[in-house]
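# Structural overview for review
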Amino acid sequence: MKNRPLKLPNKDIVQRYKLRKPLYVTRPFLPALADLNKYLKKIWKSQWVTNNGVNHVLLEKKLAAYLKVKNNSLFCNGTLALQLAVNALRLTGEVITTPFTFAATPHVLYWNNIRPVFCDIQEDTYNLDVHKIESLITPETTAILAVHVFGNPCDVEALEKIAQNHGLKIIYDAAHAFGVEVNGVGIGNFGDASMFSFHATKIFSTIEGGCLACRSSDIKERVDYLRNFGIKSEEEIVVPGINAKMNEIQAAIGLIQLKAVDREIKKRKRLIEFYKEGLKNVPGIILPRYLDNVKYNYQSFVVRINGQEYGTSRDCLYGLLRQMNIVARKYFYPLCSHYSCYKSLPSANPVNLPVAEKISKEVLSLPLYGELTKEEVNLICNILKDIHHENKKA
Ligand code: T4K
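Before going into details, it helps to say that this report is about the structure given with it. (Residues numbered from 1 in each chain as written. Predicted model: local features only at pLDDT ≥ 70, side-chain atom pairs only at ≥ 80, totals over all residues. Heavy atoms only, no water.)

### Looking at the pairing of strand β4 (residues 115-118)
Of the strand pairs in this sheet, strand β3 (residues 94-97) and β4 are connected by four bridges, and their pairing is parallel. Opposite T97, over in β4, you have F118 as the bridge partner. (Pairing = 2+ DSSP bridges. Helix = DSSP H or I, 4+ residues; strand = E, 2+ residues; numbered from the N terminus.)

### Regarding the sheet that holds strand β13 (residues 285-286)
Taken in spatial order, the three strands make up an open sheet running β13-β15-β17, and their pairing is antiparallel. Edge positions in the sheet fall to β13 and β17 (363-366), since each of these pairs with one other strand and no more. With four bridges connecting them, strand β15 (residues 301-305) and β17 associate as antiparallel partners. What sits directly across from F301, in β17, is L366. Each of β13, β15 and β17 is contacted by helix α8 (residues 248-279), which is oriented at about 20° to β15, the strand it contacts most. (Contact = heavy atoms within 4.5 Å. Axes fitted to C-alpha atoms, helices over the stretch in contact; angles between N-to-C directions.)

### Concerning the nonpolar core
Of all hydrophobic cores here, the largest spans 88 residues; its most connected members are I133, F178 and L279. If you tally residues by element for this core, the top one is α8, at 13 residues. When residues no more than four places from it in sequence are discounted, the contact partners of I133 are I96, C119, L128, I144, L159 and I162. Counting residues in hydrophobic clusters, the runner-up holds 29 residues, among them A85, V108, I171 and A175. (Core = buried A, V, L, I, M, F, W, Y, C linked by side-chain atoms within 4.5 Å. Buried < 20%, exposed > 50% of the residue type's maximum accessible area, 1.4 Å probe, protein only.)

### Here we look at the site of the ligand
In the vicinity of the ligand there are 23 residues, among which R27, T79, D173, H176 and Y331 approach most closely. Within the backbone of G78, a nitrogen or oxygen atom sits 3.0 Å from an oxygen atom of the ligand. In the environment of the ligand, an oxygen atom lies 2.7 Å from a nitrogen or oxygen atom belonging to the side chain of H176. Burial of the ligand by the protein chains amounts to 75% of its free accessible area of 910 Å². Every element with two or more residues in the shell around the ligand is listed here: α4 (78-88), α5 (104-110) and β9 (193-197). Of the residues assigned to the shell around the ligand, the class counts are eight nonpolar, eleven polar and four charged. (Near = heavy atom within 4 Å. Polar contact = N/O pair within 3.5 Å; in protein donor to acceptor, adjacent residues only side chain to side chain. Areas by Shrake-Rupley, 256 points an atom, 1.4 Å probe, with all protein chains shown as cover. Nonpolar A, V, L, I, M, F, W, Y, C, P; charged D, E, K, R; others polar.)

Encoded structure:
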């Protein structure tokens, strides 16, 4: 569709609604300073600030319980957790993955000397299309790296079958899926390993941080060595590891936040109800799908804009919102298959990725975080409705 030029009515809308302070796509959910200070005092007193301290040990254990997983390892960020999982599973050659994700997903393959093979996605979940995976498997394929994008679970059963039939490993990038469950099963129980991100933009955050849930305790043992230079004892280095440890301050933030995360999830769920109500009858705005057997974490609220029906394209809408100081984001545009480092791969050819190409041009992440108010959500809905009406009239 050809973008409509911004016309006068849109300028009026910008003037009418322009906010003095920006409304960001998200805001970090931070602990109360008084709570953090209590932990900081203890850390200072003990002078044990990193390397498997008491907060680290406790958080690792508590998170395993919260996520309902058997083996859990903490990391200084999610990217290194994923990178070391790929290494621990000894993957080589080619790994099938999605182009509709954050840069970190294919990059961890690159850092393991593995060629990403991009597979198209499903129109309803934006996750890997399980019907298109098998045709991409070659003798070089060692695994599938799937992403539960925006916290929507992948088709875990179908992926498991494909992996079993072809002797492949499965790694999940569950960066967005903290606390998500399918039929009461923690999402980290599927596949060989799952990475959760605790970045400041995530529902559960340690500012930077992450964890890896592994099916096998042998793999946990290996990733635990890998994150700490391969050190087994003062005189024994067993693998060529790296430094990917979480420190005691991050772990303390995690312990505080773990008590509050369910409250944050509830607040976001309520805000999403207002969004759904406010946007339900706006032509061209496609709302996300929620399934009954899934416990969601409401990490983000991502709509799609069908430019023909809505009256203006996603890009024009994004630009107008920016002018009003509403900082929506185009997660995930461009596709990873468009990055200069991957675009020459045969699997990156847009002809092979029609759904991902289309979805990435339509998605828009709208502001969502616990501190956002009902009034702010209603305002955003009214703005989206007004832009539709003005552009349909014009
Ligand atoms: N896999 C997937 C699928 C991922 O989405 C990510 C991370 C990873 C792997 C890697 O996990 P980590 O190694 O990060 O643990 C942000 C985050 O930096 C990134 O963690 C996240 N995905 C990605 C989806 O979003 P940017 O470059 O878009 O962030 P930025 O700085 O533009 O921030 C977004 C908005 O958040 C800002 O407009 C305002 C707000 N914000 C952000 C920060 C950092 C704040 O209000 N305060 C802050 O301190 O990547």
